[in-house]
Amino acid sequence: MRVPPGLTPADFRDALRQFEQAVGKDWVFSSDEDIDTYRDSYSPFWHESEEPIPSAAVAPAEVEQVQQVVRVANAHKIPLWTISTGKNLGYGGSAPLLGGSVVLDLKRMDRVIEVNDKNHYALVEPGVSYFDLYRWVQDRGLKVWIDPPDPGWGSLVGNALERGGGYTPMRDHFDAHCGMEVVLANGDLVRTGMGALPGAKTWQQYKYGFGPYVDGIFSQSNLGVVTKMGFWLFPQPEAYLSGSVAVAKHDDLFPLVETFAYLMNSGIVQATTTVVSPLAYSRDPQLATLRSGGSTSDLEQYAAQKGIPYWSVSLPFYGPEKVVAAQWEFAKEKFSAIPGAKFQDGASYRFPLNADQLAKIVNPVPFGVPSLQTFSVGGPRSQGHMWFSPIIPMTGEAVLEAQAVFDQVAKDLGGSGAVAGFPIWNFFARAFVIIYFFPIEHEVEKNRRNREIFRRLVKTSAEHGWGEYRTHTAFMGDIMDAYSFNNHSLLRLHQTMKDALDPNGILSPGKNGIWPKAMRKARA
Ligand SMILES: Cc1cc2nc3c(=O)[nH]c(=O)nc-3n(C[C@H](O)[C@H](O)[C@H](O)COP(=O)(O)OP(=O)(O)OC[C@H]3O[C@@H](n4cnc5c(N)ncnc54)[C@H](O)[C@@H]3O)c2cc1C
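Definitions and limits used
Residues numbered from 1 in each chain as written. Predicted model: local features only at pLDDT ≥ 70, side-chain atom pairs only at ≥ 80, totals over all residues. Heavy atoms only, no water. Helix = DSSP H or I, 4+ residues; strand = E, 2+ residues; numbered from the N terminus. Buried < 20%, exposed > 50% of the residue type's maximum accessible area, 1.4 Å probe, protein only. Contact = heavy atoms within 4.5 Å. Arc of directions from axis to C-beta. Polar contact = N/O pair within 3.5 Å; in protein donor to acceptor, adjacent residues only side chain to side chain. Expected span 1.5 Å × (residues − 1). Near = heavy atom within 4 Å. Areas by Shrake-Rupley, 256 points an atom, 1.4 Å probe, with all protein chains shown as cover. Nonpolar A, V, L, I, M, F, W, Y, C, P; charged D, E, K, R; others polar. Pairing = 2+ DSSP bridges. Axes fitted to C-alpha atoms, helices over the stretch in contact; angles between N-to-C directions. Patch = residues over 30% accessible without salt bridge, like charges linked within 9 Å, V, L, I, M, F, W, Y side chains within 5 Å. Salt bridge = Lys/Arg side-chain N within 4 Å of Asp/Glu carboxyl O.

(A) Looking closely at the side chain of serine 508. Note on placement: serine 508 falls in the loop between helix 14 (485–501) and helix 15 (517–523). Since its relative accessible area comes to 5%, serine 508 is described here as buried. Contact partners of serine 508, with chain neighbours within four places excluded, come to Leu80, Trp81, Thr82, Asn222 and Ile514.

And the structure:
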């Protein structure tokens, strides 16, 4: 039997009995077989003693049960690790950061409380997955879209709290939330925004309520357990239109990105896309030689001969048919300032799609339809993956600098140097995020090497003024350490809040680098 740090087996058995009284005997899990299901199947510590394995899991069905669980945890000083649907693969899955924690699994709290297709919002519990909400909307014929991330089996709440991203104009999931209900570490229940007003009529329509806006402190944090969350939904659009822009020269990247940023910041492009170099993806051996040793003009010549653009970006537009057509026309006009820029019309649809149309779409996620087809990523090549995902400025200069810097780190450390040409995403307004794929292996030495490369990338990134937006539990301390302005004053603020709200340190110790007071010294 695994026990939480600092507890005797007898104390823990007593606590498990109290958890059972709170949620029912069937909903406390402590057998090895059950615990295995909460391990991170993409753990970078495969077959190493550092893999953080939980001691048990407890799954409440009601808010009152969450409050009881939290009180039992306080009485016994048991660390809890909250998950909504626990599908956070690539970032730690459903496993805790601190081994021996008890997973607080909210999957049974799976009620869709409201979906409104006149003011376009939803209020859901943490166990509601994107598939659940999609079915709910479809069954009732409501004219709203949800915005799933690539895998649709995760929850709106867990994904948004991790500040995850999707594809449609609602793609910044934390930004798209409106109002929360939170159980604090002492068991108190709080509603944020307009939810603090009893009988509020606008909890999901106006974010701020009155007074300090506290929602942010519950995202990527360990200061509360979110038990309800509101989301703004996208009104079902009339149409979708996409087009792509291709440019031929290396230095065309500068005006390409500048124009792209102008269109994004003007609200003309509102959805997720990537800037790519198609040259990076070709498997032609001649190109591989040019990429490692050739000059920029060699690559330009190669691209010209083969008819491949040096850089390209595709632009998705959602809205009324006339409006999306005008947006694409305007974008073409702007990009035409780059000599030789070429344009290609892409897919276009009118909504709703019928079953035949949907079946023909390889990836339905950008059309608000959850899917699991993304799991083709990395399947044959590795046992899973994690991501290194720094935020960089939305400029061509930053893209090239990041490409050169990360490529060099990987080469220095004996990696493949395959970072070049990584796709650069606009999941969030105003900045790019690079999503750099890191394979997980079932080989201890390879994982150690990859962890070393990852940590070096975090450091090098910080030296260049870039920070990661989110990370695997294994690197949360490293990344928080990089956000060090004024001798880590932001972390000290987080710790002050942690000590005030959770003095026993029961909620997700170590999450995003925030440790409770009693554990802080040992982790310094
Ligand atoms: C192939 C692949 C593609 C992916 N693509 C994307 C993508 O496009 N976009 C994207 O964002 N992610 C992506 N992911 C990452 C991940 O799968 C999703 O973000 C997923 O939605 C997160 O899982 P979840 O919703 O079950 O969150 P959970 O695992 O339930 O929660 C994630 C974390 O949030 C915190 N948390 C959760 N619930 C609560 C709560 N109620 N109260 C307080 N804290 C809480 C916890 O720290 C928890 O560890 C991808 C993963 C894979 C493997």
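Read on for the rest.
(B) Spatial organisation of helix 4 (residues 130–139). Every buried residue of helix 4 is accounted for by Tyr130, Leu133, Tyr134 and Val137. Considered in projection along helix 4, the buried side chains sweep an arc of 100 degrees and stay on one side of the axis. Buried residues along helix 4 sit against strand 5 (112–116), strand 6 (121–124), strand 7 (144–145), helix 5 (156–161) and helix 10 (355–360). For helix 4, the capping residue at the N-terminal end is serine 129, with a side-chain oxygen 3.3 Å from the backbone nitrogen of phenylalanine 131.

(C) Here's a closer look at helix 6 (residues 253–265). Counted at 1.5 Å a residue, the expected span for helix 6 with its 13 residues is 18 Å, and the 18 Å between its end C-alpha atoms agrees. Listing the buried residues of helix 6 in full gives Leu253, Leu256, Val257, Thr259, Phe260, Ala261, Leu263 and Met264.

(D) Representation of the site of the ligand. The immediate surroundings of the ligand are formed by 34 residues, with Ser84, Thr85, Lys87, Ser155 and Lys511 found nearest. Measuring from an oxygen atom of the ligand, one finds a side-chain N or O atom of threonine 85 at 2.5 Å. Contact between the ligand and serine 155: an oxygen atom at 2.8 Å from a main-chain N or O atom of the residue. For the ligand, the protein covers 97% of the area, taking 970 Å² as the surface of the free molecule. Taken together, the elements giving at least two residues each to the shell around the ligand come down to strand 3 (80–83), helix 5, strand 10 (225–232) and strand 16 (385–388). Among the elements that line the shell around the ligand, the one with the most residues is helix 5, at 4 residues. The class makeup of the residues in the shell around the ligand is 14 nonpolar, 15 polar and 5 charged.

(E) Geometry of the sheet that holds strand 14 (residues 311–319). Taken in spatial order, the 8 strands line up as 15-12-14-13-18-19-17-21 in an open sheet, and their pairing is antiparallel. If you trace the sheet from one side to the other, it starts and ends with strand 15 (342–350) and strand 21 (467–468), each paired once. As defined by bridge partners, strand 13 (residues 274–276) adjoins strand 18 (residues 424–425) across 2 bridges and the pair is classed as antiparallel. Note on strand 18: the bridge partner recorded for valine 275 is isoleucine 424. Against the sheet, helix 9 (residues 321–335) engages strand 12 (239–247), strand 14 and strand 15, with an angle of about 155 degrees to strand 14. Docked against the sheet, helix 11 (residues 396–412) engages strand 14, strand 17 (390–393), strand 18 and strand 19 (431–434), running at close to 140 degrees with respect to strand 17.

(F) View of a nonpolar patch on the surface. On the surface, Tyr206, Tyr208 and Tyr213 cluster together to form a nonpolar patch covering roughly 320 Å² of accessible area. Of note, tyrosine 206 is situated in the loop between strand 9 (189–191) and strand 10. With a relative accessible area of 41%, tyrosine 206 lands in the partly exposed category.

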